[in-house]
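# Examining the three-dimensional arrangement
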Amino acid sequence: AQKITQTQPGMFVQEKEAVTLDCTYDTSDQSYGLFWYKQPSSGEMIFLIYQGSYDEQNATEGRYSLNFQKARKSANLVISASQLGDSAMYFCAMREGGRRRNTGTASKLTFGTGTRLQVTL
Amino acid sequence: DGGITQSPKYLFRKEGQNVTLSCEQNLNHDAMYWYRQDPGQGLRLIYYSQIVNDFQKGDIAEGYSVSREKKESFPLTVTSAQKNPTAFYLCASRQGDQPQHFGDGTRLSIL
């Protein structure tokens, strides 16, 4: 069963507007982590933001925020004040297991299929 | 600067040939990972290593092999048994509770 679902293959947003990229997940673990990565056309994966399952507040990092709704198992990325440089693929990923070292899962990440964001003038 | 270096950036393989992709990190990270990315898809885990001289299969290990003789190095060999090796390969490393950091990737194609 797919553990990370990104239902938006592509999104357009106008420069300076906000955009929400959807991510839903499936896990039976009580402790897990959710990540968003950005992949520009050059290919490297850039870490954006992290949300732990026990974190009470939604994570924020500059223009990025994570709308975490645990009961709905969703972890949507919100990008505020979009810039042309935000055009890229965006991947949601989940790490199952606790925050301790050597959890046995080696902090493996499961990725969604990604959303291609295009910022327009 | 600390980081992860993957080489080469582009690699071509002939039929029946083994090729090795290099991944070196100077971040002093314990764990290292290899992922494969196909067009329009997310990353899939090939192999991972939590410590030197130890590694485990990921979700799509068939046709691949790895070694972890040094902490900073985690080379991936794409063997002739991998029938569809054309893909983008990403190496990552991690320490403790931190997010995985990725290299710039190697694009492998079949001649």
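All figures in this text were calculated on a predicted structure; none of them were measured in a lab. Chains are numbered independently. Their residues run from 1 in the order of the written sequence. Following the order in which they are written, the chains are lettered starting with A and the ligands numbered starting with 1. Residue-level local features of this predicted model are given only where pLDDT is at least 70; pairs of side-chain atoms are given and counted only at 80 or more, and the full residue set underlies all totals for whole chains, interfaces and linings. Water and hydrogen atoms play no part in the side-chain values, which are based on all heavy atoms of the structure.

### Some details on the overall build of chain B
In this description a helix means any DSSP run of H or I spanning at least four residues, a strand means any run of E spanning at least two, and both kinds are numbered starting from the N terminus. In terms of helices and strands, chain B carries zero helices and eleven strands. The N-to-C order of helical and strand elements in chain B reads β-β-β-β-β-β-β-β-β-β-β. For chain B, whose C-alpha radius of gyration is 13 Å, the value lies close to the compact-globule estimate of 13 Å for 111 residues. Dimensions of chain B, computed from C-alpha atoms along their principal axes, come out at roughly 40 × 25 × 20 Å. Considering only contacts within chain B whose residues lie at least 6 apart along the sequence, 52% involve residues at least 24 apart. Accessible area of chain B: about 5300 Å², with a carbon and sulfur share of 46%. When the 12 basic and 12 acidic side-chain charges of chain B are each reduced to a single mean position, those positions are 6 Å apart. With the radius of gyration taken over C-alpha atoms, the globule rule is written as 2.2 Å times the number of residues to the power 0.38. Should any heavy atoms of two residues lie within 4.5 Å, those residues are considered in contact. Working definition of accessibility: Shrake-Rupley area with a 1.4 Å probe, residue cover restricted to the visible protein chains. Counted as positive: Lys and Arg. Counted as negative: Asp and Glu, with His and the chain ends omitted from the count. Where a charge lies is defined by one atom per residue type, namely NZ (Lys), CZ (Arg), CG (Asp) and CD (Glu).

### Some words on the nonpolar core
Residues A:Tyr25, A:Trp36, A:Ile49, A:Leu77 and A:Tyr90 are the most contacted members of the largest nonpolar core, which totals 24 residues. Put simply, the parts of the chain that give this core at least two residues each are strand S3 (19-21), strand S5 (32-39), strand S6 (46-52), strand S8 (64-69), strand S9 (74-79), strand S10 (88-96) and strand S12 (115-120) of chain A. Top contributing element to this core by residue count: S10(A), with four residues. As used here, the term nonpolar core means buried Ala, Val, Leu, Ile, Met, Phe, Trp, Tyr and Cys residues forming a set that is joined through side-chain atoms within 4.5 Å. Relative accessibility under 20% of the residue-type maximum defines a buried residue, over 50% an exposed one, and the middle range a partly exposed one, all with a 1.4 Å probe and only protein chains included. Of all hydrophobic cores here, the second largest spans 20 residues; its members include B:Ala61, B:Val78, B:Cys91 and B:Leu108.

### A short note on the layout of surface pockets
We place a 1 Å grid over just the protein atoms. Points where a 1.4 Å probe fits but has no way out form a cavity, open points with protein on both sides within 12 Å along at least 5 of 7 lines form a pocket, and any residue with an atom within 4 Å of a point lines it. Grid points are joined across faces, edges and corners, and a volume is the space filled by probe spheres set on the points. Counted as a void, the second largest pocket has a volume near 310 Å³. Any residue that is not Ala, Val, Leu, Ile, Met, Phe, Trp, Tyr, Cys, Pro, Asp, Glu, Lys or Arg is counted as polar, Gly included; the first ten are nonpolar and the last four charged. The residue inventory of the lining of the second largest pocket, partitioned by class, reads five nonpolar, seven polar and three charged.

The quantities given are spatial measurements derived from coordinates; they are silent on function.
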